[in-house]
Amino acid sequence: MAELIAALDFSQPEDLLACARRLSGTLTWCKVGLEAFVKSGPALLHELDAMGFSIFLDLKFHDIPNTVAAAVRSACRTKAKLVTIHTQGGEAMCRAAMAAAAEEGEERPLIFGVTVLTSFASGAMPGISKSPGDFAMELAGLADAWGLDGVVCSGHEAAAIKAATHLKVLCPGIRPKGAATDDQARVMTPARAVASGADFLVVGRPITRAGDPALAAQAILDDMATVTQ
C-alpha cells in the first residue's frame, strides 16, 4: 500500500512540531524541506525521529559529485529515511550520492531523484523543449540506469515510470477533490495516484492548514484505501 507523507512546510519550528504532534498516531511519515531545515537544522529531525516519524528530507541536492556525496553523508546522520537529489545533476553526481549512502549499510536512507517539479507546466522549463511528462520519463530511465532507489514525479507520469523501470515513485502535487491547487500545475487526487502505482504521496497544505490536520490526513488515507494496488 502507498504511504502518505505530510509535508511539514512551516517557517517556525514550534508550529511544525505542533502539527507533527497532532498527526502522530495517524501518519508515520513526514517531510522536512528547505525552509524548515535551513532555519532549524538537524536538531529538528531528531525531534521528529523521537516522535516516531519516518523522515523524508527533501533538500534536492544538485551540485558537483563530491559536494553532493558529502551532503548525502551528512543527511545520513540526521535520521532521515528518504533523501532527494536532482536527477539533472547527471550520472557522476547520482552515482556519487548512492555510493555515499551505501557507506551506511542497511541503515542507509533511500535516495530519490527529482525529475520535473510539479509546479512546471508545459513550456515553462527554461531551456527544455520537451513536455514535462516526456522529460520526466527520460530522467526516470536514467535514474534507473544509475542505480537510484526511486524518483519524484507527478502522478501523471507514475504509471509509465513504474511500467518501464524498477524504481519506486514518490508523487507530490497531490490534492483531494475540491482542494485548491495553490502553486502546483500538475496535480492528481490521492486515489488516482495510488491507482497509477505511486509508492509515496506527499500532501502539504490540505493537511497542515486544515482545522484538524489528523482528520484531514485520515480522509486522504481513506481515499487511498479505496484503491487496490
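Figured I'd write up the structure that's included with this text. A quick note: this is a predicted structure, and the numbers were derived from the prediction, not measured.

Rules used in this analysis
Every residue gets a number counted from 1 within its own chain, in the order that chain's sequence is written. Residues qualify for local features only when their pLDDT is at least 70, as the model is predicted, and side-chain atom pairs are given and counted only at 80 or more; totals for whole chains, interfaces and linings, by contrast, use all residues. The side-chain numbers reported here are obtained from all heavy atoms of the structure, hydrogens and water having been left aside. The buried label goes to any residue with under 20% of its type's maximum accessible area, the exposed label to any with over 50%, and the partly exposed label to all in between, with areas taken from a 1.4 Å probe on protein chains only. In DSSP terms, a helix is any run of H or I states spanning at least four residues, a strand is any run of E spanning at least two, and both are numbered starting from the N terminus. What makes two strands pair is DSSP finding at least two bridges between them. Throughout this description, the term salt bridge denotes a Lys or Arg side-chain nitrogen within 4 Å of a carboxyl oxygen of Asp or Glu. Nonpolar cores are built from buried Ala, Val, Leu, Ile, Met, Phe, Trp, Tyr and Cys residues. Side-chain atoms within 4.5 Å join them into one set. Only the stretch in contact is used when fitting a helix axis, every axis being a line fitted to C-alpha atoms; angles between N-to-C directions are given from 0 to 180 degrees. Should any heavy atoms of two residues lie within 4.5 Å, those residues are counted as being in contact.

Re the pairing of strand β8 (residues 200-203)
Then step 1. With burial as the criterion, each face of β8 is covered, one bearing Phe200 and Val202 and the other bearing Leu201 and Val203.
Then step 2. Bridging between strand β1 (residues 3-7) and β8 involves four bridges; their strand directions are parallel. For Glu3, the partnering residue across the bridge sits in β8 and is Phe200.
Then step 3. Across two bridges, strand β7 (residues 168-171) lies against β8 in parallel orientation.

Focus: the environment of Leu117
Then step 1. As for its position among the elements, Leu117 is in the loop between β5 (110-114) and α6 (132-145).
Then step 2. We classify Leu117 as partly exposed; its relative accessible area is 31%.
Then step 3. Leu117 sits 23 residues away from Cys94 along the chain, and the two C-alpha atoms are 18 Å apart.

A short note on the pattern of salt bridges
Then step 1. One pass over the structure, following the stated rule, counts seven salt bridges.
Then step 2. Ionic pairing is found between Arg108 and Asp149, a salt bridge with its closest N-O pair at 2.8 Å. Taken together, the residues span a long stretch of sequence, with Arg108 in the loop between α5 (91-102) and β5 and Asp149 in the loop between α6 and β6 (150-152) at a distance of 41 residues.
Then step 3. The class for Arg108 is partly exposed, based on a relative accessible area of 26%.
Then step 4. Within the structure, one salt-bridge network assembled from shared partners comprises Asp9, Lys31, Asp58 and Lys60.

Overview of the nonpolar core
Then step 1. The biggest cluster of nonpolar side chains holds 63 residues, and the ones touching the most others in it are Leu8, Leu23, Leu48, Val72, Ile85, Leu201 and Ile207.
Then step 2. Of all the elements, α5 adds the most residues to this core, at seven residues.
Then step 3. Counting residues in hydrophobic clusters, the runner-up holds 11 residues, among them Ile5, Leu82, Val114 and Leu170.

Digging into the sheet that holds strand β3 (residues 54-61)
Then step 1. What the eight strands build is a closed barrel, ordered β1-β2-β3-β4-β5-β6-β7-β8; its pairing is parallel. The sheet shows a mean angle of 25° between the axes of neighbouring strands, direction not considered.
Then step 2. Bridge analysis of strand β4 (residues 82-86) against β5 gives five bridges, and the strand direction is parallel. Note on β5: the bridge partner recorded for Ile85 is Gly113.
Then step 3. Sitting on the sheet, helix α7 (residues 155-164) touches β6 and β7, and the angle it makes with β7 is about 175°.

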